[in-house]
Amino acid sequence: QVQLVESGGGLVQAGGSLRLSCAASGRTFSNFHMGWFRQAPGKEREFVAAITSRGTTTYYGDSVKGRFTISRDNAKNTVFLQMNSLKSEDTAVYYCAAKTGLVSTRDTYDYWGQGTQVAVSS
């Protein structure tokens, strides 16, 4: 089992920045690819970003490319999502997720956190 706990969400004005963190525990963090997803009210869960287990490759959803950056610190069992130039359409609950095997941009991850709310005011 892997436990994931997100933090760093909140209310921010459009154009602002937030940094989300996801702390993992339970198993060897460096064995897992990590992803961030989000879900806005009334919408399907959307892929945001992913990073391979060693942090060598990153992937981004089209809507966040150039604005968001995913990173990880395997020594601290933590993955981050730096969000810049936030827009009102970025408002959602953000979830981190972990998986083994192949990294994925689909929500086929094995473990999920509880989510953290991000609200962007225009």
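Everything that follows concerns the structure shown earlier in this document.
The present account deals with the structure reproduced in this document. Predicted, not measured: the structure shown is a model, and the values here were computed from it. (Residues numbered from 1 in each chain as written. Predicted model: local features only at pLDDT ≥ 70, side-chain atom pairs only at ≥ 80, totals over all residues. Heavy atoms only, no water.)

1. Concerning the state of the cysteines
Here is step 1 of the chain: The full count for this structure, using the stated rule, is 1 disulfide.
Here is step 2 of the chain: For Cys22, the disulfide goes to Cys96, at an S-S distance of 1.9 Å. Handedness of the Cys22-Cys96 disulfide follows from its S-S torsion of about 40 degrees: it is right-handed. Taken together, the residues span a long stretch of sequence, with Cys22 in strand E3 (residues 18-25) and Cys96 in strand E9 (residues 92-99) at a distance of 74 residues.
Here is step 3 of the chain: The class of Cys96 is buried, set by a relative accessible area of 0%. (Disulfide = S-S within 2.5 Å. Helix = DSSP H or I, 4+ residues; strand = E, 2+ residues; numbered from the N terminus. Buried < 20%, exposed > 50% of the residue type's maximum accessible area, 1.4 Å probe, protein only.)

2. Some details on the sheet that holds E3
Here is step 1 of the chain: Taken in spatial order, the 4 strands make up an open sheet running E1-E3-E8-E7, and their pairing is antiparallel. The open sheet has two free edges, formed respectively by strand E1 (3-7) and strand E7 (68-73), since each of these has just one partner strand. The average undirected angle you get between the axes of adjacent strands in this sheet is 15 degrees.
Here is step 2 of the chain: Relative to E3, E1 runs antiparallel, the two being bridged by 5 bridges. If you follow Gln3 over to E3, its bridge partner there is Ser25. (Pairing = 2+ DSSP bridges. Axes fitted to C-alpha atoms, helices over the stretch in contact; angles between N-to-C directions.)

3. Some words on the side chain of Arg67
Here is step 1 of the chain: Its place among the elements puts Arg67 in the loop between strand E6 (58-60) and E7.
Here is step 2 of the chain: Within the structure, Arg67 has its side chain in polar contact with the backbone oxygen of Ser85 (distance 3.0 Å).
Here is step 3 of the chain: Once residues lying within four places of it in the same chain are set aside, the contact partners of Arg67 are Gln82, Met83, Asn84, Ser85, Leu86, Lys87 and Asp90. (Polar contact = N/O pair within 3.5 Å; in protein donor to acceptor, adjacent residues only side chain to side chain. Contact = heavy atoms within 4.5 Å.)

4. Re the packing of aromatic side chains
Here is step 1 of the chain: The final tally for this structure, using the stated rule, is 5 aromatic pairs.
Here is step 2 of the chain: Look at Phe32 and Tyr111: their rings are 6.0 Å apart centre to centre, the planes differ by 75 degrees, and that puts the pair in the edge-to-face class. You can see Phe32 sitting in the loop between E3 and strand E4 (33-39) and its partner Tyr111 sitting in strand E10 (residues 111-112), a full 79 residues away along the chain. Note on accessibility: Phe32 and Tyr111 belong to one class, buried.
Here is step 3 of the chain: Relative to Tyr109, the ring of Phe37 lies with its centre 5.4 Å away and its plane at 75 degrees, an arrangement referred to as edge-to-face. With a gap of 72 residues between them, Phe37 in strand E4 and Tyr109 in the loop between E9 and E10 connect regions that are remote in the sequence. (Phe/Tyr/Trp six-rings, centres within 6.5 Å; stacked < 30°, edge-to-face > 60°.)

5. Some points on the pairing of E4
Here is step 1 of the chain: Of all 7 residues that make up E4, 6 are buried, and the element is covered over most of its length.
Here is step 2 of the chain: One ladder, built from 5 bridges, connects E4 with strand E5 (residues 46-51); its direction is antiparallel. Its bridge partner being in E5, Arg38 is matched across the sheet by Glu46.
Here is step 3 of the chain: In this structure, the hairpin formed by E4 and E5 is closed by a connection of 6 residues, where Gly42 is found at a positive phi of approximately 75 degrees.

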